[in-house]
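Report on the structure
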Amino acid sequence: MSPATILVLALSMSVDAFAVSVGRGAAVGRPRFAEALRTGMVFGLVEAATPVIGWAAGLAASSYVEAVDHWIAFALLGGVGLHMLASAFTTRDEAAPRGRSLPVLLATAFGTSIDAMAVGVSLAFLDVNIWITAAAIGLTTFIMSSGGMLIGRLVGERLGRVAEVVAGLALVALGATILVEHLSA
């Protein structure tokens, strides 16, 4: 696989995480730079690990992973999206941090990286260095997610709960789209 191909793959695998990070940055309000780096780190590590997991599963038994990946993505993304929607419509103490729990962050990161696991399955059948490819995907996702949080910070100051609703709806739609695409294929 050429460096250009790896870069295109890394960028395409990072787009979901970027979009979610923008919404997350808006939902959190004014995330600190450290929060943006934390989000980028979690998304990047998960996004780097899932193609390796998929690759290993592809070597062992690709049909099992491909058979359920869309359901897992739908459940995780839909659940996190519904949680964001509920959070946007409930009254809360404005001093309390919003959307910053590690379990929610991990679930979101895993939900957006299910496609990378499926890509990893397909990479098992190609002549690629999975470690270089996974590192490129992880690094790109780290950069895009951290930047997305900071962009969301600017958007969040102006739109507040509306951005949280949009991000929640986007996650639900993303999960539903993944499910429909796989079921109709």
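It should be noted that the structure appears before, not after, this text.
Structural notes, computed from the coordinates.

What counts, and at which threshold
Residue positions are given per chain, counting from 1 as you read along its sequence in written order. The predicted origin of the model limits local features to residues at a pLDDT of at least 70 and limits the giving and counting of side-chain atom pairs to 80 or more, whereas totals for whole chains, interfaces and linings rest on all residues. The side-chain numbers reported here are obtained from all heavy atoms of the structure, hydrogens and water having been left aside. Note on classification: 1.4 Å probe, protein chains only; a residue is buried when its accessible area is under 20% of the maximum for its type, exposed when over 50%, partly exposed between these limits. Elements are defined by DSSP. Helices are runs of H or I of four residues or more, strands are runs of E of two residues or more, and each kind is numbered from the N terminus. Directions pointing from the helix axis toward each C-beta atom define the arc. Put simply, a salt bridge is a Lys or Arg side-chain nitrogen that is within 4 Å of an Asp or Glu carboxyl oxygen. Nonpolar core, defined: a set of buried Ala, Val, Leu, Ile, Met, Phe, Trp, Tyr and Cys residues in which side-chain atoms within 4.5 Å join the residues together. Only heavy atoms matter for contacts: two residues are in contact if any of them lie within 4.5 Å across the pair. Aromatic pairs are defined between Phe, Tyr and Trp rings, using the six-membered ring for Trp, whenever the two ring centres lie within 6.5 Å; interplanar angles under 30 degrees are classed as stacked, those over 60 as edge-to-face, and all others as tilted. Here an axis means a line fitted to C-alpha atoms, over the contact stretch when the element is a helix, while the angle between two N-to-C directions is reported on a 0 to 180 degree scale. By definition in this entry, angles of less than 35 degrees are roughly parallel, angles greater than 145 are roughly antiparallel, angles of 65 to 115 are roughly perpendicular, and the rest are oblique. Note on convention: near helix rotated counterclockwise from far helix by under a right angle means a left-handed crossing. Clockwise means right-handed.

Once that is clear, we can look at helix α3 (residues 102-112). Taken together, the buried positions of α3 are L105, T108, A109, G111 and T112. Around the axis of α3, the buried residues are gathered within 165 degrees of arc, so they sit on the same side.

Each turn of an α-helix holds 3.6 residues, which means side chains three or four residues apart point in the same direction. Of all 10 residues making up helix α4 (residues 114-123), 7 are buried, and the element is well covered by its neighbours. Of the residues making up α4, those classed as buried are I114, A116, M117, V119, G120, V121 and L123.

One side chain can pair with another of opposite charge once the charged atoms of both are near each other. In the structure shown here, the tally under the stated rule is 2 salt bridges. Ionic pairing is found between E35 and R24, a salt bridge with its closest N-O pair at 3.6 Å. Linking E35 in helix α2 (residues 33-88) with R24 in helix α1 (residues 3-28), this pair joins segments that are 11 residues apart in sequence. Note that R38 is salt-bridged to E35, the shortest N-O span being 3.4 Å. With R38 and E35 both in helix α2, this residue pair falls 3 residues apart, about one helical turn. With relative accessibility at 5%, the residue E35 sits in the buried group. A network of salt bridges, in which partner residues are shared, links R24, E35 and R38.

This part is about the side chain of T133. Looking at the secondary structure, you find T133 in helix α5 (residues 130-159). By relative accessible area, T133 is classed as buried at 1%.

Turning our eyes to something else, we now look at the nonpolar core. Of all hydrophobic cores here, the largest spans 13 residues; its most connected members are V42, F43, A109 and L171. At the level of secondary structure, the elements contributing two or more residues to this core comprise α1, α2, α3 and α6 (161-184). With 6 residues, the single largest contributor to this core is α2. Ignoring anything within four residues of it in the chain, the contact list for V42 reads L102, L105, L106 and A109. Formed by 11 residues, the second largest nonpolar core is a distinct cluster that contains L9, V128, A134 and I137.

Our focus in this paragraph is the packing of aromatic side chains. Remark: the centre distance and the inter-plane angle together describe each pair of aromatic rings, the angle taken between the planes. Across all of its chains, the model carries 1 aromatic pair by this definition. Aromatic side chains W55 and W131 sit 6.3 Å apart centroid to centroid with 65 degrees between the ring planes, which places their arrangement in the edge-to-face category. Remark: W131 occurs in helix α5 and W55 occurs in helix α2; sequence separation between them is 76 residues. When its relative accessible area of 55% is taken as the criterion, W131 is described as exposed.

Next up on the list: the packing of α1 against α3. In contact at an axis separation of 9 Å, α1 and α3 are set at 150 degrees when each is read in the N-to-C sense. Overall, the two elements α1 and α3 adopt an arrangement that is roughly antiparallel. Where α1 crosses over α3, the two elements pack in a sense that is right-handed. Of α3, the residues touching α1 (which contributes D16, A17, V20 and R24) are L105, T108 and T112.

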